[in-house]
Amino acid sequence: MRVRKKPWAAQYIKDHADQIVTDPETQLGHWQDRFPSEQPLQVEIGIGKGQFIVEMARQHPDINFLGIEIQESVIATALRKLVESGLANVQLVETDGANVDTLFAPAEVDQLFLNFSDPWPKKRHAKRRLTSPNFLSHYQNVLKKNGRIQFKTDNRGLFEYSLMSFNHFGLEFDRVWLDLHNSDGNVGNVQTEYEEKFSSKGPIYELIAHFK
Ligand code: SAH
């Protein structure tokens, strides 16, 4: 996602330091302190403008959500959405999701979401894909036993790669949908910005898996 630099973003982020973290290493092992009550912690990496995580939080007040996004101008828009929502069970983190295992203590995370992650179609960029083996080993470190990864995309190439990558890594698949919107997996599905934009052009793929 490319966006123009937003001149207001840096100050807006500073002004809402109670809802967004920019020095995440300091929170390692203590993320629950950022929320009104201790509840299962679910993390989305690459939240974009935040529609998914804010709506999920609205629908699931018994879960604490943490949204990670690397681009300041993008997360600032998500932050605005969060502030307007008045929800207390979402916190945002401006950082690189590649460092996920330096952000969380082992087993601190209950579930991970990856939505419409950048496909990095060139083979020499495969290591940058959020479903590549290096990332998976980080996820394994921070997820609770049986903690799930839920991944959806409209990009068939990335989905095929991810199925192989998860399989080689030894993850166990709970569900796989090749056309999420026309399947029973669509019940309770919360759409992302990308999903709304691209689902008219072709199917949405989704998988849910956990480490054995
Ligand atoms: N999930 C949103 C946005 C998808 S675009 C949606 O479905 O609408 C992918 C997003 O992931 C972009 O906003 C990009 O900045 C972010 N991203 C890419 N690599 C990342 C990384 N390593 N860590 C955190 N965010 C990342």
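Cut-off values and rules
- Residues numbered from 1 in each chain as written.
- Predicted model: local features only at pLDDT ≥ 70, side-chain atom pairs only at ≥ 80, totals over all residues.
- Heavy atoms only, no water.
- Buried < 20%, exposed > 50% of the residue type's maximum accessible area, 1.4 Å probe, protein only.
- Helix = DSSP H or I, 4+ residues; strand = E, 2+ residues; numbered from the N terminus.
- Pairing = 2+ DSSP bridges.
- Near = heavy atom within 4 Å.
- Polar contact = N/O pair within 3.5 Å; in protein donor to acceptor, adjacent residues only side chain to side chain.
- Areas by Shrake-Rupley, 256 points an atom, 1.4 Å probe, with all protein chains shown as cover.
- Nonpolar A, V, L, I, M, F, W, Y, C, P; charged D, E, K, R; others polar.
- Core = buried A, V, L, I, M, F, W, Y, C linked by side-chain atoms within 4.5 Å.
- Contact = heavy atoms within 4.5 Å.
- Axes fitted to C-alpha atoms, helices over the stretch in contact; angles between N-to-C directions.

A few words on the pairing of strand E8 (residues 205-211). Walk down a regular strand and you will see the side chains alternate between the two sheet faces. With seven of its seven residues buried, E8 lies for the most part within the structure. Pairing between strand E7 (residues 171-177) and E8: six bridges, direction antiparallel. Opposite Glu-172, over in E8, you have His-210 as the bridge partner.

Of all residues adjacent to the ligand, which total 17 residues, the nearest are Gly-46, Glu-69, Asp-96, Gly-97 and Thr-192. At a separation of 2.9 Å, an oxygen atom of the ligand approaches a polar side-chain atom of Gln-71. Protein contacts shield 94% of the accessible area of the ligand, which totals 570 Å² for the unbound molecule. Among the residues forming the shell around the ligand, the class breakdown is five nonpolar, seven polar and five charged.

Moving on: unusual backbone geometry. Residue Ala-107 is not a glycine yet carries a positive backbone phi of 65 degrees. Within the secondary structure layout, Ala-107 lies in the loop between helix H4 (100-103) and strand E5 (109-115). At Trp-120, a residue that is not glycine, the phi angle is positive and equals roughly 40 degrees. Structurally, the position occupied by Trp-120 is in the loop between E5 and helix H5 (133-142). Exposure remark for Trp-120: the relative accessible area of 29% places this residue in the partly exposed category.

Moving on, we come to the nonpolar core. With 31 residues, the main nonpolar core has Val-43, Ile-45, Phe-104, Tyr-139 and Ile-149 as its most contacted residues. Among the secondary structure elements, those contributing two or more residues to this core are strand E2 (41-45), strand E3 (64-69), H4, E5, H5, strand E6 (143-153), helix H6 (156-169) and E8. Every residue in contact with Ile-149, bar those within four places of it in the chain, is listed here: Leu-112, Leu-114, Leu-136, Tyr-139, Leu-143, Phe-166, Leu-171, Leu-207, Ile-208, Ala-209 and Phe-211.

Let's shift gears to the sheet that holds E5. With mixed pairing, the eight strands of this open sheet are ordered in space as E1-E4-E3-E2-E5-E6-E8-E7. This sheet does not close on itself; its edge strands, each paired only once, are strand E1 (20-21) and E7. Here five bridges tie E2 to E3, and the two strands are oriented parallel to one another. Across the sheet, the residue bridging to Val-43 is Leu-66, located in E3. Here helix H2 (residues 51-59) sits on the sheet and contacts E2, E3, strand E4 (90-94), E5 and E6; the angle it forms with E3, its principal contact strand, is near 175 degrees. Its contacts with the sheet put H5 on E2, E5, E6, E7 and E8, and the angle it makes with E6 is roughly 140 degrees.

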